[in-house]
Amino acid sequence: MSDAEKGGFIAKVIGPKRRWREYQARVRHLPPNYRLAVGAIERYMMHFVPTDGDSDASRFEDLADLFEQAAADGTPIREIVGEDPVEFAEAFVKNYTEGGYVPARARRQLTDAIARAAGEDSGNDDKTV
């Protein structure tokens, strides 16, 4: 294997890990309610959105950008995600990938988690998120 090939391989292995760790560090610095909302959207996307290396990294980085800016501006979570967080998440990921199947339970979990992050009573006793 040539040095160029090794560099490409190492970049493929380490690059995404580094980007993921940087994304996680950014999310940890968000205010608690924004962090909760990002975590819920992240879980939803990780379980029910097809993956695609660079596209995934860009998607999560853009999610962090969105919530960092919203937190800096004091934008309420509901103003970011709207009344239907599932619709928000699915519209958000359409910019990055195609397809995917999302069970109704996952949609409900995302909706409930965003309601909690926004300081609302979700009206659902299922706290599995």
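Residues numbered from 1 in each chain as written. Predicted model: local features only at pLDDT ≥ 70, side-chain atom pairs only at ≥ 80, totals over all residues. Heavy atoms only, no water.

A. Structural detail: the overall build of the protein. Per the secondary structure count, the protein includes six helices and zero strands. Counted from the first residue to the last, the protein has its helices and strands arranged as α-α-α-α-α-α. Summed over its atoms, the accessible surface of the protein is roughly 7,700 Å², and 52% of this surface lies on carbon and sulfur atoms. (Helix = DSSP H or I, 4+ residues; strand = E, 2+ residues; numbered from the N terminus. Areas by Shrake-Rupley, 256 points an atom, 1.4 Å probe, with all protein chains shown as cover.)

B. Just the packing of helix α5 (residues 85-93) against helix α6 (residues 104-117), in detail. Where α5 meets α6, the axes come as close as 8 Å, and the angle between the chain directions of the two elements is 110 degrees. Taken together, the axes of α5 and α6 are roughly perpendicular relative to one another. Along the contact surface, α5 presents P85, V86, A89 and E90, while α6 presents R107, L110, T111 and I114. For the contact of α5 with α6, the residue count by class is five nonpolar, one polar and two charged. (Axes fitted to C-alpha atoms, helices over the stretch in contact; angles between N-to-C directions. Parallel < 35°, antiparallel > 145°, perpendicular 65-115°, else oblique. Contact = heavy atoms within 4.5 Å. Nonpolar A, V, L, I, M, F, W, Y, C, P; charged D, E, K, R; others polar.)

C. Looking closely at the nonpolar core. Counting 29 residues, the largest nonpolar core has I41, L63, F67, V81 and L110 as the members making the most contacts within it. Of all the elements in the fold, those that place two or more residues in this core are α1 (3-28), α2 (32-48), α3 (53-73), α4 (77-81), α5 and α6. Ranked by residues supplied to this core, first place goes to α2 with seven residues. When sequence neighbours within four positions are dropped, the list of residues in contact with L63 reads Y23, V38, I41, E42, M45 and F92. (Core = buried A, V, L, I, M, F, W, Y, C linked by side-chain atoms within 4.5 Å. Buried < 20%, exposed > 50% of the residue type's maximum accessible area, 1.4 Å probe, protein only.)

D. Spotlight on the confidence of the model for the protein. Chain-level pLDDT for the protein is 81 on average; 71% of the residues reach the 70-or-more range. Taken element by element, the protein is modelled with least confidence in α1, mean pLDDT 72, and with most confidence in α4, mean pLDDT 95. Considering only residues more than four positions removed or in separate chains, one finds that residues 1-6, a stretch of pLDDT under 50, has one contact. (pLDDT = per-residue confidence, 0-100.)

E. Representation of the packing of aromatic side chains. The full count for this structure, using the stated rule, is five aromatic pairs. Joined through ring pairs, the aromatic side chains of W20, Y23 and F60 make up one cluster. R59 extends its terminal NZ or CZ atom over the ring of F60, reaching a point 5.3 Å from the ring centre. (Phe/Tyr/Trp six-rings, centres within 6.5 Å; stacked < 30°, edge-to-face > 60°. Lys NZ or Arg CZ within 6 Å of the ring centre and 35° of its normal.)

F. Spotlight on the packing of α2 against α5. Remark: α2 packs on α5, axes separated minimally by 11 Å, with the N-to-C direction vectors making an angle of 60 degrees. Classified by the angle between their axes, α2 and α5 sit oblique to one another. Relative to α5, the crossing made by α2 is right-handed. For the pair α2 and α5, the contacting residues are I41, Y44 and M45 in the first and V86, F88, A89, E90, F92 and V93 in the second. Of the residues in the contact of α2 with α5, the class split is eight nonpolar, no polar and one charged. (Left-handed = near helix turned anticlockwise from the far one by under 90°.)

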